[in-house]
Amino acid sequence: LGLVPSGMADIIFAMDVYLAADQLFDPDHKGRILALFRNPVDRAVSKFYYLQTATWERTYRPEWKDMGIVEWATNHNLDENFIVKKIVGKKLNDPVDIADLIVAKDIIR
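Now for a look at the structure at hand. (Residues numbered from 1 in each chain as written. Predicted model: local features only at pLDDT ≥ 70, side-chain atom pairs only at ≥ 80, totals over all residues. Heavy atoms only, no water.)

Quick word on the overall build of the protein chain
Next, step 1: Looking only at helices and strands, the protein chain features six helices and zero strands.
Next, step 2: The linear arrangement of helices and strands in the protein chain, starting from the amino end, is α-α-α-α-α-α.
Next, step 3: For 109 residues, the compact-globule estimate of 2.2 N^0.38 gives 13 Å, and the protein chain exceeds it by more than 25% at 18 Å.
Next, step 4: With the C-alpha coordinates of the protein chain rotated into their principal frame, the extents come out at 55 × 35 × 20 Å. (Helix = DSSP H or I, 4+ residues; strand = E, 2+ residues; numbered from the N terminus. Rg over C-alpha atoms; globule rule 2.2 N^0.38 Å.)

Right, here's the structure in full:
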């Protein structure tokens, strides 16, 4: 893309670290990461309550409105290892293993 080599940007915000590392930076133009992580349990609870009322979202499910959070977390929450998957560049439905966790930890170190 040429943004980083151009020197025109002092800071770049990206939601997808893997994509930014792959598309923006290279060995001659390295970057530093400042990462803010939300507690995964807090994030899941917030998602549960949000999706009970967010009729405008494509992931809205009216059947979740009267469901308990334990049932939802056990049977319907597909965000397993969400942060690890994002950091190592996997899709949400891809499996992860201990090697992925080690890579993710090394990236954020």
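Having seen it, we continue.
As for the pattern of salt bridges
As a working rule, side chains carrying opposite charge can pair if their charged atoms are close by.
Next, step 1: If you walk through the whole model with that rule in mind, you get one salt bridge.
Next, step 2: In this structure, Asp100 engages Lys90 in a salt bridge whose closest nitrogen and oxygen atoms are separated by 2.9 Å. One end of the pair, Asp100, is in helix α6 (residues 98-108); the other, Lys90, is in the loop between α5 (82-88) and α6, with ten residues separating them in the sequence.
Next, step 3: In this structure Asp100 comes out as buried when scored by relative accessible area, which is 11%.
Next, step 4: Among the residues examined, Lys90 registers a relative accessible area of 28% and is labelled partly exposed. (Salt bridge = Lys/Arg side-chain N within 4 Å of Asp/Glu carboxyl O. Buried < 20%, exposed > 50% of the residue type's maximum accessible area, 1.4 Å probe, protein only.)

Quick notes on helix α3 (residues 40-53)
Next, step 1: Under the 1.5 Å per step criterion, the end-to-end length of α3 is 21 Å for 14 residues, consistent within 8% with the ideal 20 Å.
Next, step 2: Among the residues making up α3, those that are buried are Ala44, Phe48, Leu51 and Gln52. Down the axis, α3 shows its buried residues gathered within 110° of arc, on one side only.
Next, step 3: Turning to α3, the residues buried within the fold contact α4 (69-75).
Next, step 4: Where α3 starts, the residue carrying a side-chain oxygen 2.8 Å from the main-chain nitrogen of Val41 turns out to be Asn39. (Expected span 1.5 Å × (residues − 1). Arc of directions from axis to C-beta. Contact = heavy atoms within 4.5 Å. Polar contact = N/O pair within 3.5 Å; in protein donor to acceptor, adjacent residues only side chain to side chain.)

Describing the side chain of Asp100
Next, step 1: A distance of 2.9 Å separates the side chain of Asp100 from the side chain of Lys90, its partner in a polar contact.
Next, step 2: Residue contacts for Asp100: discarding those within four places in its chain leaves Val84, Val88, Lys90 and Pro95.

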